[in-house]
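Residues per chain are reported as follows:
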Amino acid sequence: DAEITQSPRHKITETGRQVTLACHQTWNHNNMFWYRQDLGHGLRLIHYSYGVHDTNKGEVSDGYSVSRSNTEDLPLTLESAASSQTSVYFCASSEELAVGDTQYFGPGTRLTVL
Amino acid sequence: QKEVEQNSGPLSVPEGAIASLNCTYSDRVSQSFFWYRQYSGKSPELIMSIYSNGDKEDGRFTAQLNKASQYVSLLIRDSQPSDSATYLCAVRPAGNMLTFGGGTRLMVKP
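Because the structure is a prediction, the values reported are computed rather than measured.

Visitor: Got a minute to help me understand the layout of surface pockets in this structure?
Guide: One simple way to see leftover space: roll a probe sized like a water molecule over the atoms. When its volume is computed, the largest pocket comes out at roughly 790 Å³. Contributing elements (two or more residues each) for the lining of the largest pocket: β4 (31-38) and β9 (87-94) of chain A together with β9 (85-92) and β11 (104-109) of chain B.

This is the structure in structure tokens:
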């Protein structure tokens, strides 16, 4: 069955380190998204991509980067991790940006920055 | 100002009752509206979508949309303890990006 996976599921790192979170989907969806979820803020969009080699900034993109070299993967990189980036990160994908388009979420990565 | 507003709850209802969850949004040109359910420690899963004014029913769930008043609601009939979760309202305004509310925590007590 088609699915969307994230790795690692849990990560503890230190301030200043570079961290990369992986997202892989087998639906062959064009659109992929990264969100962070914090208490009191709901889901906030970090970066998104409409296709290979396309990336766009979302609402809270500072300190994060993404690259899209193929359809299946959209890794999220924290260039220099900060304690404010401690959060749960969700990757999502969707087929197209039509009115009825639905986003499907991965299982999430819980990141702790010490 | 947050674009999608939800009461954070918790909303507590007894088993078998109707749970009513509400969401208001600010962008008048929004076209698509979604309700996601998120169990603690899990990822959001889509339970309902609605695009036109009125009601849309799916089993025990009914989504209601009123674009003139800019609100969307979710009714859960015959609430079960397994419905206890956080319910996220999501709206797609012009620009095509989903905007999520903060979620309402629902507790269904046996």
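Visitor: Where do I start with the interface of chain B and chain A in this structure?
Guide: Interfaces are frequently sized by the accessible area removed from exposure as the parts join. Residue-level contacts link 20 residues of chain B with 20 residues of chain A. Summing both partners gives a buried area of about 1,500 Å² for chain B against chain A, and 57% of it is carried by carbon and sulfur. A per-residue breakdown of the area chain B buries against chain A is headed by Arg92(B), Met97(B) and Phe100(B), which together make up 32% of the total. Counting across the chain B and chain A interface gives 3 residue pairs in polar contact (both at pLDDT 80 or more). Mapped by element, the contributors of at least two residues to the side of chain B that touches chain A are β4 (32-38) and β9 of chain B.

Visitor: Help me understand unusual backbone geometry in this model?
Guide: With the exception of glycine, the majority of residues adopt a negative phi angle, and the majority of peptide bonds are in the trans configuration. In this structure, Pro8(A) follows Ser7(A) across a cis peptide bond, with omega equal to -5 degrees. Note on placement: Pro8(A) falls in the loop between β1 (4-7) and β2 (10-13). In this model, Gly9(B) is joined to Pro10(B) through a cis peptide bond whose omega is 10 degrees. Its location among the elements puts Pro10(B) in the loop between β1 (4-5) and β2 (11-14). In the Ramachandran plot, Gln70(B) falls in the positive-phi region, its phi being about 60 degrees despite a non-glycine side chain. Residue placement: Gln70(B) occurs in the loop between β7 (61-66) and β8 (71-76). Judged by relative accessible area, Gln70(B) falls into the buried class, the value being 11%. Located in the positive-phi region is Asp78(B), a residue other than glycine, with phi close to 50 degrees. Mapped onto the fold, Asp78(B) is located in the loop between β8 and β9.

Analysis parameters
- Residues numbered from 1 in each chain as written.
- Chains lettered and ligands numbered in written order.
- Predicted model: local features only at pLDDT ≥ 70, side-chain atom pairs only at ≥ 80, totals over all residues.
- Heavy atoms only, no water.
- 1 Å grid on protein atoms, 1.4 Å probe; cavity = no way out; pocket = protein on both sides within 12 Å on 5 of 7 lines; lining within 4 Å.
- Points joined across faces, edges and corners; volume = space filled by probe spheres on them.
- Helix = DSSP H or I, 4+ residues; strand = E, 2+ residues; numbered from the N terminus.
- Contact = heavy atoms within 4.5 Å.
- Buried area = accessible area lost by both parts, 1.4 Å probe.
- Polar contact = N/O pair within 3.5 Å; in protein donor to acceptor, adjacent residues only side chain to side chain.
- Buried < 20%, exposed > 50% of the residue type's maximum accessible area, 1.4 Å probe, protein only.

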